[in-house]
Each structure stands twice: as C-alpha cells, then as structure tokens.
Amino acid sequence: MTAAPATSAGPAPATSASSAPATGPAPATGPAPATGPAPATGPFVGAAVTPRVEDAALLFGRGRFLDDLDPLPGALSAAVVRSPHPHARIRGVDTAAALGAPGVAAVIGPDEVAAELRPFPLSVKTPMPYHAGATSRARFVGEPVAVVVATDRYLAEDAAELVQVDYEPLPSVTDTAQALRDSAPLLHEGAASNVATDRTFTFGPVDEAFSRADHVISGEYSFPRYSSMPMECYSVVASWTDGADGLGPVVEAWANFHGPFSMVPVLAGALGLPVSRLRLHVPADIGGSFGIKAGIYPYVALMALASKHAGRPVRWTEDRIEHLLASSAGADRMMRFDAAVTADGTVTALRADLVDNVGAYLRPPEPSTLYRCFGNITGAYRIPAVQIRARAVVTNKMPTGLNRGFGGQQLYFGLERLMDKIAAGLGVDPAELRRRNLIGAGEFPYRTPSGGLYDSGNYELALDLALKNADYEALRARQRDVRERGEYYGVGIAAVVDPSATNIGYVGLATPAGIRVRGLGKSGSTEHVRVSVDLNGIVTVLLGTVPQGQGHATVARQVVADRLGLPLDQVRPVVEMDTATTPWTVTSGSYSSRFAPLLTSALADAADAVGATLRQAAGVMLGVRPDELELAGGSVRCRAEPDRAVPFRRAAGLVHWDPGALPEGVPATLYAEAAFTPPQAKAPSEDDQINSSLCYGFVADVVACRIDPCTLRISIEKLSTVHDAGTILNPVLLDGQVHGAIAHAVGGALLEEMRYADTGQPVAGTFMDYLCPTSAEVSFPLISDHVETPSPYTRLGAKGCGEGSSMSVPVALANAVADALAPLGIELNALPVHGNVLHHLLTEMSDQASRKGEQGGEKSHQEGVEPWH
C-alpha cells in the first residue's frame, strides 16, 4: 500500500419476538456514561510516540517467543498423529511399536482421552461433545488421534509414524447446504441433525413493513472460510503434577494463547480441575494471531495429559502444515437478506438468514461468529425492524473460531452487497443510497432494534470525507472512459459500523430466554489492570491483555505517564500473563478490539487511584490540601503555584518509608488494581435484545479497481478509507492497525480460501495452494483518514480500530468488481474473487448466451453453493 497522509483528524428452532421500544436516539434516562471522556493530563495520549517500547527487543533478536524459552526444564517433545480421513470410525489404535521406539516416553490415544479428559463445556447445550482429541470417531482431516512423547521432536515424529490406527471410513459432508439436508451424513450420533443451534428473532413490525414496501429486494451471498496465517504457529509447554500441597493435581502450562480467558474455565473443565489448579502463562511476545490462537486450548489439554503419562513436562510446537489442517479459521457463511424498501430508497425492515459452517464441532467460543454483531446487525443504517434467523451447522471441516473481524466481514458482505443491489434496482448512486439511510449525527446514542447502543458517530461526515479523498466524481468519469474502450473498471463503496469491546453476554442468545437460568447469565466487557509505584518512583503497569504485536505496552505507558504527570521512561509496562499473579477475569484477553476502549479505561482508573494517594503524601509535605495539587512534570505541585512542588519520587518515598505521616484513614498503598466494568454491557434481555459491544466505531471505504481483459487480473487502483475510532491514542499505531487489517482483507477477498474437495480432503494444505497477500498485492495507492467522535462510555473516549477494515474492505472490493462486471449482467455474490472465478463467470455467461442465442439474464456467482433457504 502506498499510503497518503491523513488530512484531518440440532435443537428445534427457537423463536423470539420483541415488542421493545422503537429504535432511534436512546432516551436520556438510558444507561449513564462511564464518566465520559476525561481530558489527558499530559502530552502523550494522542501523540505519535515512537519507537514503540516493544521494538528494540524484536529488531535486535531479543524477542521472548515461547519456542525460544525453556520455562519448564526437562521437557520432552511431542508429535501429534492426525486423522487422514474427514470422517471415520476409530476401531482401534496400536501403540506398541511406537512405545518401543528409541527415546519414546509415552503415547496417548483415544482411550486415554476418553477416560481421563472430559468433553469441553460448550456455549450451547447440544449433543455434540467436543474432546481435545478424537475418541470414537475422527470428524475432520487433521483431527488429533494420538500424541507421541519422546526425548526430542525428531524421535517423536519418527515414532508417530509407527502408530497404527484402524479406521472405518464413513460418509462425509463439507458443503453447508448439503449438511442442512435430512439425508446428509450425521456427524454426531447423539444429535438429530447437523444443526448445532437454530434461533429466530424478530424485533419491530417486520411483516407490516414488508407488506407496505414499494420494493422487496433480496440477495443470497456466500462468504469464504479463511484464516490469518500468523508467522508463529501454536506452541504449548505443559506439566501435570500431583501438587506439592496435597490438594490434588496441578496443571501448569505455557501457551501463546491470547484469550478470551473464558477459555480458562473451559480448559479446566476438560481437565477435571478447579480453575485454581490450572496455572496458565503467556510469554511476552506472540508472533501474531489475529484471533486464530484462541483455538489453542485443546492442545494445552492434550499436552497436559501427555505430561501426566510421561511424568515430565511436554512441549509441542505446531508446524505450518498442521496449522493449515487443524488449527482454526473464520466461519464460512451462507446468508440471505431481504429488504423492505420505499420508493425513495429508504430501508424500513430487514430479514437476515445466516448459516455458519463451524466445522466438525461447535468449539467454544463459537457460536460467537453468529452473535458478535447481533447489536449492529442493521449496520450503519436507520432500519427500525429486523428479523434474524441464526444457525450453526457442523461439517467435516476443521472447527472454526475467531479471525480478525469475526462476524463482521460475514455480516457486511451480505448487507453491503444488498445495499448496492437496492441502489442498482432504484437507479440511485450507491453513495446516495447509503446517505439516505445512514443514522444521523444528532441521533446518538442510538438504539438499534436488536439492542445495540451506538455510542457516538458522524457517519455522513466520514462517508463524505472518504468520497472526497477518493475524488469520487473523477473515478466515475474515469470509469466511463475506460468502459468506452471495452475494459472493466469498477468503483465500490462500503459503510460499516465497527464494534469493539465485546459484551460476552451475546453468546447467551444461542439459548432461548425461557431456558436461560436466572442468576447464571453472562455479560460484561470488564478489563483488569494493576498499577504500582516503587520506592524510587518507578511505575510498573501489569497488563492482562496478552498482545500479539499491537503495541499495548507503548500505549499503556502513554496513558499512565499522562495520568501521573511523568516522563515515559519512568513507566514500565509488563505484558507477560500468569493467571496466578496477573489481574484477569473471564473477559480478559486480546480479541474484539478491547484494548483501546477497556484497558485504557482501567489504566486511567488505577493510575488515578495511585495519584490520589500521592497527592495525600505531597499534601503532608507541602502543607496544602490534596485537592489543590496536580501531578505534572515529574512532580506533585500546587496548581496555583507550580513552583511549589515535591518530586514524584519523594511523595512515593513518604508512603513507603514514613506511612505514619499520612492522614488518618489514608492507606499506605501505592498500588491499585482497577476493574473497568461499563454498565452498558448487560446480559441479554428477556426479549433477546443485547448491546453486544460497548463501542461502535465507523468505517467508510471507496475502492476503485480495474480488471485486465486479457489476464483477468484484478488491480486495486485506489483505496480511500476513513475511520472513526473515537479518541486517537497514538496515530502511528492506529494507522498500522488500519494497514494491517486492509492487508488481511485483501487476502480474504482476492486470494485466501480454505477449500475442501467433495471427498472432504482439504486442497489448500500448503502455501502453494493457500495464497496469502504479499507486498506486491498490497502496493496500491491508499488514502487513510480519520474523524473523531469520542465515546461517552470509555474514560478516554477511545474505541477499537484493529478490525474495521477487515470487515469493510472485502465487500468494498466485491462491490467494485461487481460494478466493473455490471455491463455484462453478472452479479457477484461470493468471495474470494480472482482470475479463475472471473474466467468461470465469463465462460458461464458466454455458454448461456450461446444456448439462448442472446445475451441476457443476470448471472450469479454462487460457486459450490446450492439454493438452501
């Protein structure tokens, strides 16, 4: 990308119907702000502070990735035996030869897993148990069947080849539509079908709106399964011991896991241990994840069990082929959208039928992908009524999980393609059609029909800025010129709401309200942090966000330095996670763009609490009231007389060395642990409404692309993107997040797809077949800009911004390609789109035209997808 500088700141279907108040501006009596954005107390928040704290170690080869460490000395190495079949009954496993091989300490297989590990607790009560490894059946190619432990990885791999597994192949199914059929092979014998969850929700007068509509416009869409391919694959070191305290077994594990930490009790449940007997460490450095490493926890259980049998710690690092076969991926989705539209293009109601292919198991935290965007299901548009059917279906594919933008890229591919279809049907420019439906700047906070509470925004301003920066009229003029030469040139637009700071309560929507147990609900966007000051005035910040390269330590230092009036080098952030010592809760972790809105709010609270004690100490030393003091310039000083001050370290020293001098009732503690818990994040209501995120940013994209008529290569000629992430904490890091998300999006839209043959075998098992974007594919003109509408619900007004482009750019690109093909009457309804797909579409169009003797009719790209609704 060539970036231009920013120019400005199985169960039966369950049904729910809501008679909730009308949508629109939230009433003044609604949830109170957390406190509203607080002004910074120093020069760092909002500044382009570089280099990052993290950079020196990484650039000089001093990174602390798990495979570089020896955290549990004496560890043996493991190799995993995996199923070569997509679906097979396991009739027996012979491990005798492997156990007799040189250096082998233990082999575990289906019998050990079934006897000594429990199924993982699922988010939905469905008779589809999920174990850490295959037990009676293997249900996808690459599923772990056995683990061989030896003195080194080479010997373990050699011995793994000696494990003999007696498989009885069974019929398999990987296609979503086919898996929905009654005649489909049944993956889980205890279930009535392959549907793991099926719920329908209705909010507002949907049927009435459709009956009154001047137009009903519909579309069926397919979004692909793809991953993020982090540079570092999964890595685990685990030890199972009896426990020195006599209170039972203890599992200590290291993993490059980044959350959500709700998976810790899930893992403990499978191990049959209390959470207090499971100690999980995460190293300071993780070589990328983008959500994918949330799926590592089954391997923690496997390696812990292997350690139990070997009598020593066990380590395992995944190779790239294993990662492509059996780690995790975003869910592929089939969807249908219907819109009730007035004559002037106003959308008055929406119906959405969503079917996620979650692979062989509904692996927690799924069905998160279905529900993460529940509160923003209507996107950036003022749509007062919506009906949603949400289904997850199991197939003989690798299980799915989190992938950058999860839930958002699927939703917006359907919704924003539909908006273009509405515009084309009414003969309205796509930008104008969106303007007519956008929520107005004066309507925030805005309540969506499904319960989302949009905190702030100015969508029209951001869209207009993206159009202006792209020189939209000039792009349309160029398109007319290019088309006159018989070439393909298109312009695509996307306008999406970017949810951040997930409220985990949305997973509860998969369970009907009538059977949700009162008092056992789930909710919250809580984040914990600890700030402490030592005797020399050095501040330590203990984070529980387990970053994967985003720069959390850098921003945390900026925030705390500002709140305490210190230079940056006096603040030392620590990002290693240890569940025995680091503050954390089940919602902790690096996912769903939580850091900017939540962790910085907790940091502000903790730093302010420490600052209050320091003002008390300085008040004693200066003989003034604490409320007359401020922390600035490395000192605690009088606001009215800045020269009247004590150094920060002297005030800290009094608390440590002379606590008796403190006023009565002031604790002699210079550490504070804060848990930021916004009141806007509640469990689902009885009518199934939920504010599924705390904050909602906005992204507007304009993409221009050209298709070479000879090679059918798609070239991006310009991308203009505008983000509203609330208060910008560090513009350099924010732009880095935007650029990274765009690269991910380009991969998902134009290149990447985890494809499976009809036999159930994966056909993208190496980077020869699974194509990731390189610098060549992302070297296009990029204009990245920002607007700022601070959130009233976070301490600094910040929202997340790491995922928005991964949600918006795939469909913006699809809209551009579809616009280029529009003169041919071809409709693009699936991704990825590349030369092979275009060749198929054009050949299909030519063949049909030849058969009919004329060119006509609309052709649809639904490759590999049959009618299903």
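Since we're looking at a predicted model, the values are computed, not measured.

**A look at the pattern of salt bridges**
Pairing between side chains becomes possible if they bear opposite charge and their charged atoms approach one another.
Argument step 1. If you walk through the whole model with that rule in mind, you get 49 salt bridges.
Argument step 2. Put simply, Asp-627 and Arg-625 hold a salt bridge, and the shortest N to O gap is 3.2 Å.
Argument step 3. Note on Asp-627: relative accessible area 51%, which makes it exposed.
Argument step 4. When salt bridges that share partners are traced, they join Arg-82, Arg-153, Glu-157 and Glu-322 into one network.

**Description of the packing of helix α12 (residues 430–437) against helix α13 (residues 459–470)**
Argument step 1. Closest axis-to-axis distance for the α12/α13 pair is 10 Å, and the angle between their directions is 165°. Relative to α13, α12 is oriented roughly antiparallel. By crossing handedness, the relation of α12 to α13 is classed as left-handed. Contacts from Ala-431, Arg-434 and Arg-435 in α12 reach Glu-460, Leu-463, Asp-464 and Leu-467 in α13.
Argument step 2. Here the contact of α12 with α13 is composed, by residue class, of three nonpolar, no polar and four charged.

**Re the packing of helix α11 (residues 408–426) against helix α19 (residues 804–821)**
Argument step 1. With their axes 8 Å apart at the nearest point, α11 and α19 run at an angle of 35° to one another. Judged by the sense of rotation from one axis to the other, the crossing of α11 with α19 is right-handed. Here α11 contributes Gly-408, Gln-409, Tyr-412, Phe-413, Glu-416, Arg-417 and Asp-420 to the contact with α19, which in turn contributes Ser-806, Met-807, Val-811, Ala-814, Asn-815 and Ala-818.
Argument step 2. Per-class residue counts for the contact of α11 with α19 are six nonpolar, four polar and three charged.

**Some thoughts on the nonpolar core**
Argument step 1. Counting 193 residues, the largest nonpolar core has Leu-271 and Met-303 as the members making the most contacts within it.
Argument step 2. A per-element tally of this core places α19 first, with eleven residues.
Argument step 3. Leave out the neighbours within four places in its chain, and Met-303 touches Ala-78, Val-80, Val-147, Val-236, Ala-238, Val-314 and Trp-316.
Argument step 4. In terms of nonpolar packing, the next biggest core, distinct from the first, is built from 61 residues, Val-49, Val-539, Leu-629 and Leu-662 among them.

Reading guide: rules and limits
- Residue positions are given per chain, counted from 1 along the sequence in the order it is written.
- In keeping with the model being predicted, local features are shown solely for residues with a pLDDT of at least 70 and side-chain atom pairs are shown and tallied solely at 80 or more, while totals for entire chains, interfaces and linings include all residues.
- Note that the side-chain values use all heavy atoms of the structure and ignore hydrogens as well as water.
- The working definition used for a salt bridge is a side-chain nitrogen of Lys or Arg within 4 Å of a carboxyl oxygen of Asp or Glu.
- Buried means the residue's accessible area, taken with a 1.4 Å probe over protein chains only, is under 20% of the maximum for its type, while exposed means over 50%, and partly exposed covers the values in between.
- The axes used here are C-alpha line fits, helices contributing only the stretch in contact, and every angle between their N-to-C directions lies in the interval 0 to 180 degrees.
- Strands are runs of DSSP state E lasting at least two residues, helices are runs of H or I lasting at least four, and both sets are numbered from the N terminus onward.
- Every angle not falling under 35 degrees, over 145, or within 65 to 115 is termed oblique; those three ranges are roughly parallel, roughly antiparallel and roughly perpendicular.
- The hand of a helix crossing depends on one turn: near helix anticlockwise from the far one by less than a right angle means left-handed, and clockwise means right-handed.
- Whether two residues are in contact is decided by their heavy atoms: any pair within 4.5 Å suffices.
- When residues are grouped by polarity, Ala, Val, Leu, Ile, Met, Phe, Trp, Tyr, Cys and Pro land in nonpolar, Asp, Glu, Lys and Arg in charged, and all others, Gly among them, in polar.
- To qualify as a nonpolar core, a set must consist of buried Ala, Val, Leu, Ile, Met, Phe, Trp, Tyr and Cys residues joined through side-chain atoms within 4.5 Å.

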